[in-house]
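# Descriptive structure summary
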Amino acid sequence: MIVTTTELFRHAYANYAIGAYNINNLEQTVGLFRGNLGKIKKNEDPVDWQTAAPFILQISRGARSYTDKRFLEAMIRTADEIFPESVFAVHLDHGTEETCYDAIDSGFYSSVMIDASHEPFEKNVEITKRVVDRAHAKGVVVEAELGQLGGVEEDVTGSVCLTDPAQAAKFVELTGCDSLAVAIGTSHGAYKFAGQQALRLDVLVKIQAALPKGFPLVMHGASSVPKEWVDRINAAGGKLGSTSGVNEKEYIEAAKRGVCKINIDTDGRLVWCAIYRETFLKQPEDFDPRTPGKAFMPAYAEYIIHKNKMLGSAGQLQNVKKLLK
Ligand code: G3H
Ligand code: 13P
Ligand code: ZN
C-alpha cells in the first residue's frame, strides 16, 4: 500500500527511523520489497512480522532517466500487487522544481523532495514554497533541505555548511514543508569520513528544539559503507579506497532526536557490486544475467532486514498498519 511519508513519520517520531532506499532496477526492487517483509528467498515466502518494516522507496533523477521513469513506476505498481502486505511511500529523491512538478502531476508519487539547498536562503524558501503549494493541492507531501552536506574528504568546513537551527525554524515556518533534510556532518557516496566519523548530534538536538514539536527531520548520506562489503568488492577485483560511513549505532540516536527518515543508497550499491563481481569471478564461464541477479536479491533482502533492525523499523509494520486503519 502506498502512503505518504507523513503517515509513516507520525508513528516513528522520536522512536525509530524509516529506511529510505533508492532503486534503479528490478533486482533492487524485488530485494527491497522482500527484505521489508522479512522474506529472503522467494516472493511467496511467509511474511516475518518480527522483522517486517514500513519503508520509503526513493527514485532519484538519475534513476528516472537511466531507462525511462515509466519502467520504474510500472515495476513499483507490480511490486505493490505481488507484495500486498507492504506499506511504503514513493518518494522523489533530490528533485528540482521541474522534476517535482512532473512527479506531483503524475499522481504516482506520494512524496517529493525539493532540493534547493544550494541556493541562498531566500531563494530556497521561494522555490520550496512554490513546490509545497502545488504538492499539497494534490495531497503530496514535501521534504525540503537546508544546509549543505559536505565531507571531510572534500575539505568542507563543517560549521559553514551545517544546518543553522534558528534558520531551520524560520524556513519551516515560511515554506510549510512537511519534513526537513538537515546537514549534520554526513555526505553522499562511499567516501564520507577521513578517520573518525563526525555525526553532529549536538547540532541535531538544537535543530529539534528550534522546530515545532514532532516535526520530522531527514538524514541524507547515511550509508555506513561496511568494511565487509568494501573488502569483498576489492577481493573480487574492485578498487575502492579505504573509507568509512555513518556508524549504524547512531541511527537510533538520530531517531531519538527527531530524525524520521534515513537515506541509504551507497550501501545497497556496495552489496550489488560485491555480489555481481563475486558471481562472475567464481563462474567465469557464465554469462547469464540471471545468475548474479538470483544471488543478489536474497543478499539484498537480508541486508535490508539488517538495516531495518539498526533503524528500529524492523517489526513495526503491524503497528503502522493498525494506525492506518
Ligand atoms: O543522493 C543521491 C542518491 O544517492 C542518488 O544517486 O543520483 O546517482 O541516483 P544518483
Ligand atoms: P548515501 O550515499 O550515504 O547512501 O546517501 C544516500 C542519500 O542521501 C540519497 O538521497
Ligand atoms: Zn541525498
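Details of the structure are given in the entry above.
Below: a short report on this structure.

### As for the site of ligand 1
Residues in contact with ligand 1, as listed here, are Asn-22, Ser-60, Asp-93, His-94, His-188, Asp-265 and Arg-269. The separation between an oxygen atom of ligand 1 and a polar side-chain atom of His-94 is 3.2 Å. Take Arg-269: an N or O atom from its side chain is 3.0 Å from an oxygen atom of ligand 1. Out of a free accessible area of 310 Å², ligand 1 has 65% covered by protein chains.

### Side note on the coordination of the zinc ion (ligand 3)
Protein-derived coordination of the zinc ion (ligand 3) comes from His-94 (NE2), His-188 (NE2) and His-220 (ND1), at a distance range of 2.1 Å. One chain supplies every donor for the zinc ion (ligand 3), spaced along it as H-x93-H-x31-H. Of this pair, His-188 sits in the loop between strand 6 (179-182) and helix 9 (201-210) while His-220 sits in the loop between strand 7 (217-219) and helix 10 (227-235), and the two are 32 residues apart along the sequence. The class for His-188 is partly exposed, based on a relative accessible area of 43%. The class for His-220 is buried, based on a relative accessible area of 1%.

### Details of helix 8 (residues 165-175)
Among the residues making up helix 8, those that are buried are Pro-165, Ala-168, Phe-171, Val-172 and Thr-175. One side of helix 8 carries all its buried residues, which in axial view fall inside an arc of 115 degrees. Along helix 8, exposed side chains directed more than 90 degrees from the buried face belong to Ala-166 and Glu-173. Turning to helix 8, the residues buried within the fold contact helix 6 (121-136), strand 5 (141-146), strand 6 and helix 9. Just downstream of helix 8 lies Gly-176, where phi reads positive at about 75 degrees.

### Here we look at the sheet that holds strand 1 (residues 18-22)
The eight strands lie next to each other as 1-2-3-4-5-6-7-8, forming a closed barrel whose pairing is parallel. Put simply, the sheet's adjacent strands are angled 25 degrees from each other on average, direction ignored. Sheet strands in contact with helix 9 are strand 6, strand 7 and strand 8 (259-264), and its direction is about 155 degrees off that of strand 7. Along the sheet face, helix 13 (residues 290-311) touches strand 1 and strand 8 and points at about 145 degrees away from the line of strand 1.

### Notes on the pairing of strand 5
Burial of strand 5 is extensive: six of the six residues sit out of reach of the surface. Sheet topology note: the strand 4 (residues 111-114)/strand 5 ladder contains four bridges and is parallel. Of the residues in strand 5, the one forming a bridge with Met-113 is Glu-143. For the handedness criterion, the β-α-β arrangement of strand 4, helix 6 and strand 5 is classed as right-handed. Pairing of strand 5 with strand 6, which is carried by four bridges, proceeds in the parallel orientation. What sits directly across from Glu-145, in strand 6, is Ala-181.

Reading the values: rules and limits
Residues numbered from 1 in each chain as written. Chains lettered and ligands numbered in written order. Predicted model: local features only at pLDDT ≥ 70, side-chain atom pairs only at ≥ 80, totals over all residues. Heavy atoms only, no water. Near = heavy atom within 4 Å. Polar contact = N/O pair within 3.5 Å; in protein donor to acceptor, adjacent residues only side chain to side chain. Areas by Shrake-Rupley, 256 points an atom, 1.4 Å probe, with all protein chains shown as cover. Donors = N, O, S within 2.8 Å, 3.2 Å for Na, K, Ca; no water. Helix = DSSP H or I, 4+ residues; strand = E, 2+ residues; numbered from the N terminus. Buried < 20%, exposed > 50% of the residue type's maximum accessible area, 1.4 Å probe, protein only. Arc of directions from axis to C-beta. Contact = heavy atoms within 4.5 Å. Pairing = 2+ DSSP bridges. Axes fitted to C-alpha atoms, helices over the stretch in contact; angles between N-to-C directions. Right-handed = clockwise from strand over helix to strand, strands pointing away.

Read these as geometric descriptors, not functional statements.
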